[in-house]
Amino acid sequence: MNNLTEETLIKAEIINIYWERINLFIDVQINPIKNFDTNVPLDFYALNGKRAAKAKFQAEKISDNIYRLCLNVTNPGYNRCFPAGTYTIAVCQGENELAHCMASHSIVHKMSDYSRAFPFSGRAKVYNVIFYVGEADDYSLPFYIFVMEAASYANNTGSSRCLLGKISSKAKKYLKKNMKKLILKKIYSILLLVHTGKKDVMLIMSEQNKKISSNQNGVYKRLTERGLDKKYKIIFSFRSAVAEKQGKISWLKFINKLAQSTVIILDDHVPAFDWLVLSKKTKVIQLWHAGAGFKSSGYSRWGNIGCPAPYSCHRQYDYGIAGSEKIAHFFSEVWGINKEQVLPTGMPRIDEYLDQNYRKKTSAALYKKFPVCKNKKVILFAPTYRGKNKKNAYYPYNIIDFDKLYNICGDEYVVLFKMHPWISDSVPIKPEYADTFIDAGKYPNINDLFYITDLLVTDYSSSIFEFSLMNKPMLFFAYDEIPYSFSRGFHRNYDQSAPGKIVHTFDELLKAIEQKDFEFEKVKQYVDFHFDYIDSNASDRVIDWLILGNIPQDMKNKIDKKNEDVLNTANLHFSEIQ
């Protein structure tokens, strides 16, 4: 890179900074000083103290002389966090380095407001992004970004003996926990050698549930139907390791299966992969069940309770799936990987869901199981859970006025309550309301219930993804939208994205039902945005594109281009300033 900064061809001044979750936005005003072609696009790089480029900003020209820069601090392009260090922003055009960004006088007093701290690891550690200005001989304000990871320490009081005792106890617990991980890592590395050269093995697994998920099952069924179980030895591992302690034998069997596997099919987060780095020869494919809800997960809620650490399981995914290319960035943000790695195969569970024979057979079985639904309109009440995780998940039934709901149902409606699988408490239905209210919580597949549902009442659940294909109305009972948005966070605007009317009180919900005020027109908009394919071939696309590696050329070109851009940035040479 040719250093032309002393020629002062342009000046670059930062006039605004703001955040959207983990995405940092910086507005830069470009002021040409000498003859300078403003039509040739500019590039912006984050340079560390050694003048090495550690990230290239996404840059959008939003007016004649203003660029909007964007940087995802959890993934600047190489599926890792933006590293610790002190950075300037270099403005380049082609092979020429023209200037470094200065801070506008109008934003200097806001620097501390722009800075962010992202706690993680149970708030024991924090990732800080701090902005400040330096000094210069010409009274300008050089702009710096300082990134630092820090850990907290216990502020213990009492005698030194007591303090040492506490430290010793914690140290022993830490060593015991990490010694187990070290031993398992060593066993894994040995077993990798043992299984070298054996037949290709595909592991379908979950550490969240003891049974195969609908997406995994869709792919597995098509693999066997196509005879690919002869190409791959298919093995399984299903444990509830997140909620239940696993013994030594369970861990040894698990590690042995991992060491055999050349392909791993996941359906959710695997805590063991937060610390066990898999072989580079193992392809990891994430078939996450969430079609496209609103609530933030993974890195999109970084800094909130329960968020991942800078390195986690998600970083090991080779590919993930989405319903459309337009929503791929939602998933890539969650996993901290590049959006080019998220391919719009569609959800494999949709294959069976859209099968008309399956729908006819299932609908008949549902009316037999729930005869009260015959000749009535069915309201499906299916919100997501509240609470931090599976152990303490709940729903506040006290906010439901069962008496009023029963009265407005009359002879027109029945209500199926399908609470989130993590909620163990049954719906408190009075015996006298059993002719209208049904607790369907134990019914295994919520998608089946959509066939006989006329109106879905939910909140932030991803169940809207499949239900939208039924072309039926939805209501969103978001009584806690504001606190939920702060505690869990949304990865997109809830008010603009919900495919139906949003209500915030139970009386508003009842009124919308009575008046049939559903804002139904939003459903088609949602479907058009979220589905590239509406067919029964998603499982085949997962197999052909991700497992067998026959990715469509246009998508492969995007993946290759992204990898090339990241490599080029890493190899850029910015000469030392004399």
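Residues numbered from 1 in each chain as written. Predicted model: local features only at pLDDT ≥ 70, side-chain atom pairs only at ≥ 80, totals over all residues. Heavy atoms only, no water.

### Let's talk about the overall build of the chain
- Regarding its fold elements, the chain presents 16 helices and 25 strands.
- Computed over the C-alpha atoms, the radius of gyration of the chain is 27 Å, within 12% of the 25 Å expected from 2.2 N^0.38 for a compact globule of 578 residues.
- When its C-alpha atoms are laid out on the principal axes, the chain stretches across 85 × 65 × 60 Å.
- Across the 578 residues in the chain, those meeting the buried criterion constitute 50%.
- In the chain, of all internal contacts separated by at least 6 residues, the share reaching a separation of at least 24 is 68%.
- Approximately 28300 Å² of the chain is accessible, and the part contributed by carbon and sulfur atoms is 52%.
- Where the 78 positive side-chain charges of the chain centre and where its 62 negative ones centre are 11 Å apart. (Helix = DSSP H or I, 4+ residues; strand = E, 2+ residues; numbered from the N terminus. Rg over C-alpha atoms; globule rule 2.2 N^0.38 Å. Buried < 20%, exposed > 50% of the residue type's maximum accessible area, 1.4 Å probe, protein only. Contact = heavy atoms within 4.5 Å. Areas by Shrake-Rupley, 256 points an atom, 1.4 Å probe, with all protein chains shown as cover. Lys, Arg positive; Asp, Glu negative; His and termini not counted. Charge placed at Lys NZ, Arg CZ, Asp CG, Glu CD.)

### Here's the deal with the nonpolar core
- Of all hydrophobic cores here, the largest spans 94 residues; its most connected members are Met205, Leu258, Phe273, Phe331, Phe370, Leu416 and Ile547.
- The residues touching Phe370, leaving out its near neighbours within four places in the chain, are Leu416, Ile438, Ala440, Tyr443 and Leu449. (Core = buried A, V, L, I, M, F, W, Y, C linked by side-chain atoms within 4.5 Å.)

### Notes on the pairing of strand β4 (residues 43–47)
- With four of five residues buried, β4 lies mostly within the body of the structure.
- Bridge count for β4 against strand β8 (residues 85–93) is five bridges, and the pairing is antiparallel. Note on β8: the bridge partner recorded for Ala46 is Ile89.
- By the bridge criterion, three bridges tie β4 to strand β5 (residues 53–56) in an arrangement that is antiparallel. Considered in β5, the bridge of Tyr45 is made with Lys56. (Pairing = 2+ DSSP bridges.)

### Considerations on the packing of aromatic side chains
- The tally for this structure, following the rule as stated, stands at 41 aromatic pairs.
- Between Tyr132 and Tyr144, the aromatic rings sit 5.2 Å apart at their centres with planes inclined by 15°, giving stacked as the arrangement. With Tyr132 in strand β12 (residues 125–133) and Tyr144 in strand β13 (residues 143–151), this pair connects stretches of sequence that are twelve residues apart.
- Residue classification places Tyr132 among the partly exposed positions, given a relative accessible area of 33%.
- Aromatic side chains Tyr406 and Phe437 sit 5.9 Å apart centroid to centroid with 85° between the ring planes, which places their arrangement in the edge-to-face category. With Tyr406 in helix α8 (residues 402–409) and Phe437 in strand β22 (residues 437–439), this residue pair connects regions lying 31 residues apart in the sequence.
- Phe437 gets classed as buried once you look at its relative accessible area, which sits at 3%.
- Among the aromatic residues, ring-to-ring pairing joins Phe381, Tyr395, Tyr397, Phe402, Tyr406, Phe417, Tyr433, Phe437, Phe477, Tyr479 and Phe506 into one connected group.
- Sitting over the face of the ring of Tyr232, Lys231 holds its NZ or CZ atom 5.3 Å from the ring centroid.
- Cation over ring: Arg541 sits above Tyr533, and NZ or CZ is 3.8 Å from the ring centre. (Phe/Tyr/Trp six-rings, centres within 6.5 Å; stacked < 30°, edge-to-face > 60°. Lys NZ or Arg CZ within 6 Å of the ring centre and 35° of its normal.)

### Thoughts on the packing of α8 against helix α13 (residues 506–515)
- Packing of α8 against α13 leaves a shortest axis separation of 11 Å and a crossing angle of 5°. In terms of their interaxial angle, α8 and α13 are classed as roughly parallel. For the pair α8 and α13, the contacting residues are Lys404, Leu405 and Ile408 in the first and Phe506, Asp507, Leu510, Ile513 and Glu514 in the second.
- Class assignment of the residues belonging to the contact of α8 with α13 gives a composition of five nonpolar, no polar and three charged. (Axes fitted to C-alpha atoms, helices over the stretch in contact; angles between N-to-C directions. Parallel < 35°, antiparallel > 145°, perpendicular 65-115°, else oblique. Nonpolar A, V, L, I, M, F, W, Y, C, P; charged D, E, K, R; others polar.)

### Examining the sheet that holds β22
- Judged by pairing direction, the sheet is parallel, and its six strands sit side by side in the order β22-β21-β20-β23-β24-β25 without closing on themselves. Two strands bound the open sheet, and with one partner strand each, they are β22 and β25 (501–503). The sheet shows a mean angle of 20° between the axes of neighbouring strands, taken without regard to direction.
- Pairing between strand β21 (residues 413–417) and β22: three bridges, direction parallel. Each bridged residue has a counterpart across the sheet, and for Leu416 the counterpart in β22 is Ile438.
- Sitting on the sheet, α8 is in contact with β21 and β22, with an inclination near 140° to β21.

### Things to note about helix α15 (residues 538–547)
- Within α15, nine of the ten residues are buried, which leaves it mostly tucked inside the rest of the structure.
- Positive phi shows up at Gly549, right after α15, with a value of about 85°.

### Brief notes about the pattern of salt bridges
- Under the criterion given, the structure shown has 26 salt bridges.
- A salt bridge links Lys210 to Glu244, with the nearest nitrogen and oxygen atoms 3.1 Å apart. You can see Lys210 sitting in the loop between β14 (201–206) and α3 (214–225) and its partner Glu244 sitting in the loop between β15 (233–238) and α4 (248–260), a full 34 residues away along the chain.
- Among the ionic pairs, Lys561 bridges to Asp565, the shortest N-O distance being 2.9 Å. In this pair, Lys561 and Asp565 both sit in helix α16 (residues 553–571), four residues apart, roughly one turn of the helix.
- For Asp565, a relative accessible area of 30% gives the class partly exposed.
- Ionic contacts of the salt-bridge type, sharing partners, join the residues Arg222, Glu225, Arg226, Asp540 and Asp544 into one network. (Salt bridge = Lys/Arg side-chain N within 4 Å of Asp/Glu carboxyl O.)

### Let's talk about unusual backbone geometry
- Positive phi values are uncommon outside glycine, yet Thr8 reaches one of about 50°.
- Mapped onto the elements of the fold, Thr8 is located in the loop between β1 (2–3) and β2 (10–20).
- The phi dihedral of Arg123 falls on the positive side, at around 65°, and the residue is not glycine.
- Positionally, Arg123 belongs in the loop between β11 (116–120) and β12.
- Judged by relative accessible area, Arg123 falls into the partly exposed class, the value being 47%.

### Considering the side chain of Ser237
- The residue Ser237 is located in strand β15 in this model.
- Take Ser237: its relative accessible area is 5%, and that puts it in the buried class.
- Filtering out sequence-adjacent residues up to four positions away, Ser237 remains in contact with Leu203, Ile204, Met205, Ser206, Phe254 and Lys257.

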